[in-house]
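Each chain is listed here by its residues.
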Amino acid sequence: MTRVMGAVNTKLQRDLTLRTRVARRFSMTEVAQLLAVDTTYLTRLTNDEPQFPEGERIGRERTFSPSEIMLIRALIGSNPGAKRDHVHWRKPGEPVKVVTFGAQKGGTGKSLSAAHFAQYINLFYGLRVGVIDADPQATVSLYFADEGLPLFDPETATLADFMGVDNPGADAVTPRTAEDLDAIWHTTPWPGIRLIPGGANIQNGDISLFFLSQSSRVPVYRVLKDAIATWDAGNGPRTRPEDLRDGSGAFDVARYEQALNETVDVIVIDQQPSLTLMQLNGLIAADNVVIPQTMKGFDLATLATYVSNIGEYLEFIMGFEADLEIGAGAHMVLPTIVQEQNNQDVDQIVDLYRKAPREVMQVWYSRSDAIANAAEEYKSIYEYLPPKTRRVSARAFMDNANAVNDALVQRIWPTLPPRDFAQAFMEERWD
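My aim in this report is to walk through the structure given alongside it, one point at a time. Fair warning: this is a prediction, and the values are worked out from it, not measured in the lab.

**With respect to the nonpolar core**
Here is step 1 of the chain: Core analysis: the biggest nonpolar cluster contains 124 residues, and Phe 117, Phe 144 and Phe 162 have the highest contact counts within it.
Here is step 2 of the chain: Residues contacting Phe 117, with those up to four places away along its chain left out, are Val 99, Phe 101, Val 268, Asn 405, Leu 408, Val 409, Ile 412 and Trp 413.
Here is step 3 of the chain: Tyr 221, Ile 284, Ile 317 and Leu 324 belong to the second largest nonpolar core, which has 5 residues in total.

**Things to note about the environment of Gly 205**
Here is step 1 of the chain: Structurally, Gly 205 can be placed in helix α9 (residues 202-215).
Here is step 2 of the chain: As for Gly 205 and Ala 160, which are separated by 45 residues in sequence, their C-alpha atoms are 5.1 Å apart.
Here is step 3 of the chain: In contact with Gly 205, not counting residues within four places along its chain, are Ala 160, Val 165 and Met 278.

**Considerations on the packing of helix α12 (residues 277-284) against helix α13 (residues 297-318)**
Here is step 1 of the chain: Two elements in contact, α12 and α13, have axes separated by 12 Å at closest approach and are oriented at 75 degrees. It follows that α12 is roughly perpendicular to α13 by the angle criterion. Seen from α12, the contacting residues are Leu 280, Leu 283 and Ile 284; seen from α13, they are Tyr 306, Ile 310, Tyr 313, Leu 314 and Ile 317.

**Examining the environment of Pro 175**
Here is step 1 of the chain: Structurally, Pro 175 is set in the loop between α7 (159-163) and α8 (178-182).
Here is step 2 of the chain: Residue classification places Pro 175 among the exposed positions, given a relative accessible area of 75%.
Here is step 3 of the chain: Through-space distance from the C-alpha of Pro 175 to that of Val 165 is 9.6 Å; in sequence the pair is 10 residues apart.

**What about the pattern of salt bridges?**
Here is step 1 of the chain: Taken as a whole and judged by the stated rule, the model has 21 salt bridges.
Here is step 2 of the chain: The closest approach of N and O atoms between Arg 245 and Glu 49, which form a salt bridge, is 2.7 Å. Taken together, the residues span a long stretch of sequence, with Arg 245 in the loop between α10 (223-234) and α11 (253-260) and Glu 49 in the loop between α4 (39-48) and β2 (56-58) at a distance of 196 residues.
Here is step 3 of the chain: Looking at Arg 245, the relative accessible area reads 10%, which means it is buried.
Here is step 4 of the chain: The residue Arg 358 makes a salt bridge to Glu 359 at a minimum N-O spacing of 3.4 Å.
Here is step 5 of the chain: One salt-bridge network, in which partners are shared between bridges, spans Arg 128, Arg 238, Glu 262 and Asp 265.

**Digging into the sheet that holds strand β1 (residues 26-27)**
Here is step 1 of the chain: Strand order in this open sheet of 3 strands is β1-β3-β2, and the pairing throughout is antiparallel. Each having just a single partner strand, β1 and β2 make up the two edges of the open sheet.

**Some points on the pairing of strand β7 (residues 193-196)**
Here is step 1 of the chain: The alternating pattern of β7 places Ile 193 and Leu 195 and Arg 194 and Ile 196 on opposite faces, both of which are buried.
Here is step 2 of the chain: Strand direction decides the pairing type here: strand β5 (residues 129-133) and β7, joined by 4 bridges, are parallel. Bridge assignment links Val 131 to a residue of β7, and that residue is Leu 195.
Here is step 3 of the chain: For strand β6 (residues 186-187) and β7, the ladder comprises 2 bridges, and the chain directions are antiparallel. Within β7, the residue paired with Thr 187 across the bridge is Arg 194.
Here is step 4 of the chain: As consecutive antiparallel partners, β6 and β7 are separated by 5 residues, and within that stretch Gly 192 has a phi angle of approximately 85 degrees, a positive value.

Calculation criteria
- Positions within a chain are numbered from 1, following the residues in the order the chain's sequence is written.
- For a predicted model such as this one, the threshold for reporting local features is a pLDDT of at least 70, and the threshold for listing and counting side-chain atom pairs is 80 or more; totals across whole chains, interfaces and linings nevertheless cover every residue.
- Neither water nor hydrogens contribute to the side-chain values; these are computed over all heavy atoms in the structure.
- Here the nonpolar core consists of buried residues drawn from Ala, Val, Leu, Ile, Met, Phe, Trp, Tyr and Cys, with membership extended through side-chain atoms lying within 4.5 Å.
- Each residue is placed in one exposure class: buried if its accessible area under a 1.4 Å probe, protein chains only, is under 20% of its type's maximum, exposed if it is over 50%, and partly exposed if it falls in between.
- Whether two residues touch is decided by their heavy atoms; if any such pair falls within 4.5 Å, the residues are in contact.
- Per the convention used, a helix needs a DSSP run of H or I reaching at least four residues, while a strand needs a run of E reaching at least two, with both numbered from the N terminus.
- The convention used is that axes are lines fitted to C-alpha atoms, helices contributing only their stretch in contact, and that angles between N-to-C directions extend from 0 to 180 degrees.
- Relative orientations are named as follows: roughly parallel for angles under 35 degrees, roughly antiparallel for angles over 145 degrees, roughly perpendicular for angles from 65 to 115 degrees, and oblique for any other angle.
- Basic side-chain nitrogens of Lys or Arg form a salt bridge, by our definition, when they fall within 4 Å of a carboxyl oxygen of Asp or Glu.
- Two strands qualify as a pair provided that DSSP identifies no fewer than 2 bridges between them.

In structure tokens form, the structure reads like this:
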């Protein structure tokens, strides 16, 4: 079967997407929405800031790429006269935040939710994001990789390498410096987003952790948490938005480009649909856990199993390491693939929310053909360019994704300015 699949050309669409990654461009009106400013302000800025990008003309419309939008954000955010923050980078000394998307069951939209969340906080808040694909299938990697990233290559380093558990025969975790760990991250076509791709040797990590748990006193549940701490200690933020201008007030493009790639503000982990030792590490490392979950009866049974097992693991771990700080932020169940045409799924959400209002979100991903249409091209809705016949459904799904991610941001970063997307979603659907 391996030989057969190697001969079948199943990569045409994937390779086309990798060659044209982040091809979508945004109008001046869309840029203003992303930056939460007026279009008249942006027009004035084009004359006041020599470094304002030219963009491209599509018909009569001036359009901009995500990289150009990030530069515009930095121009605004570094301006001494800015009335509010536009660049929401973490300050020097602040630890990196870790958000893990995990579920027991496959097919719940977990990778899609993680990818859209990472791209949303990058587009709407300018956050620098590190995406860790903890799944051997590398699904979330396909949303960020281009042809320059050797996906599915056995030599490409994965999470197992980052954790130092890539050699099943080793009797200890492979020590790596902060510089070694930083070299494992790959740049992506998205400005400020880096990726540790998924791959088959993640399974070697589970084998290594199993043998280490049997033969040594290595705390195998916190290897990733410690690796992130080591990386962050040597690669934390050094630049503030105001540092992007020189003494005369001119914008320093070189300093901006260096700052954009010096660190990440948040790490988003996409888990494998299971609860192995590797996936347990993704939970222990997390400040926030998001569980994308479909609302059918059998699926909810897997949710019950998943959270019960997590609770038992945590109780066991805290029994002999009581000072370990785990999950300091909010955690939530995100309903996904909700069929709104009948009341069964929505009634289930309402019932769960009434019983657990802290844990169950009031926004959800609705079932949508636009998701499948974009997924055919290995693209998120923020990257997808729909044909005319699909524009209405694509617009509806983008509104849906904005609402979900706006709600996630409010739970994960209460200090960040919210948008109106989640509120509009809830006003439309909730009494």
